[in-house]
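Listed below, chain by chain, are the residues.
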Amino acid sequence: QVQLVESGGGLVQAGGSLRLSCVASGRFFSNYIMGWFRQSPGKEREFVAAISVSGTSTDYADSAQGRFTVVRDNAKNTVYLQMSSLKPEDTAVYYCAADPTLAVTTYESKHWNYWGQGTQVTVSS
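Conventions used here
Residues numbered from 1 in each chain as written. Predicted model: local features only at pLDDT ≥ 70, side-chain atom pairs only at ≥ 80, totals over all residues. Heavy atoms only, no water. Disulfide = S-S within 2.5 Å. Helix = DSSP H or I, 4+ residues; strand = E, 2+ residues; numbered from the N terminus. Buried < 20%, exposed > 50% of the residue type's maximum accessible area, 1.4 Å probe, protein only. Pairing = 2+ DSSP bridges. Salt bridge = Lys/Arg side-chain N within 4 Å of Asp/Glu carboxyl O.

Peer 1: Account for the state of the cysteines, naming residues and giving values.
Peer 2: Applying the stated criterion across every chain yields a total of one disulfide. With its sulfur 2.1 Å from that of its partner, Cys 22 forms a disulfide with Cys 96. Its S-S torsion of about -80° marks the bond between Cys 22 and Cys 96 as left-handed, since a negative value means left-handed. Taken together, the residues span a long stretch of sequence, with Cys 22 in strand β3 (residues 18-26) and Cys 96 in strand β9 (residues 92-99) at a distance of 74 residues. Note on Cys 22: relative accessible area 0%, which makes it buried. A relative accessible area of 0% means that Cys 96 is categorised as buried.

Given below as structure tokens:
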């Protein structure tokens, strides 16, 4: 099993940047594909980005492509989501997710087995 703890959320103006971090505890972090999802009030949890176990393969939602970057540091058991050019519509609770068997193109949250508690990102206009 793996436990996930996100941090780095906050309030930022439109056009600004934030870097989210997700630290994993437990064994074999490098065996888990890692993902980022987000959920805003009244909406379903949606895929944002994912990264393979080696970090060489990534995938992004259309809304994140070109603005967000996902990277991982297996030595630190950490995955990051660098967000830039933020928009008010990026406002949501952002969740880190992990799974040992999925592909980076697994967009449905129901398939991911491990979740963090989430971190709030608020982008003001």
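Peer 1: Give me the pairing of strand β8 (residues 78-83): which residues, what numbers.
Peer 2: Within β8, five of the six residues are buried, leaving the element largely enclosed by the surrounding structure. Where β3 and β8 come together, six bridges link them in antiparallel fashion. Residue pairing for β8: Val 23 is matched across the bridge by Thr 78. As judged from the six bridges shared by strand β7 (residues 68-73) and β8, these two strands associate in the antiparallel manner. From the neighbouring strand, Asp 73 faces β8, where its bridge partner is Thr 78. Hairpin geometry of β7 and β8 is characterised by an intervening segment of four residues between the two adjacent antiparallel strands and by a positive phi of about 55° at Asn 77.

Peer 1: Quick rundown of the environment of Ala 75? Include the residues and the values.
Peer 2: Along the chain, the position of Ala 75 falls in the loop between β7 and β8. Taking C-alpha positions, Ala 75 is 31 Å from Val 123, a pair spaced 48 residues apart along the chain.

Peer 1: So what about the pattern of salt bridges? Which residues, and what values?
Peer 2: Going through the model one piece at a time under the given rule, you end up with four salt bridges. Arg 38 serves as the salt-bridge partner of Asp 90, at 2.9 Å between the closest nitrogen and oxygen. One end of the pair, Asp 90, is in the loop between β8 and β9; the other, Arg 38, is in strand β4 (residues 33-39), and 52 residues separate them in sequence. On the basis of relative accessibility, which here comes to 1%, the residue Asp 90 falls in the buried class. Residue Asp 90 is joined to Arg 67 by a salt bridge in which the shortest nitrogen-to-oxygen separation is 2.8 Å. Of this pair, Asp 90 sits in the loop between β8 and β9 while Arg 67 sits in the loop between β6 (58-60) and β7; the two residues are 23 residues apart in sequence, bridging distant segments of the chain. Each member of the pair, Asp 90 as well as Arg 67, carries the same accessibility label: buried. One network of salt bridges, in which partners are shared, links Arg 38, Glu 46, Arg 67 and Asp 90.

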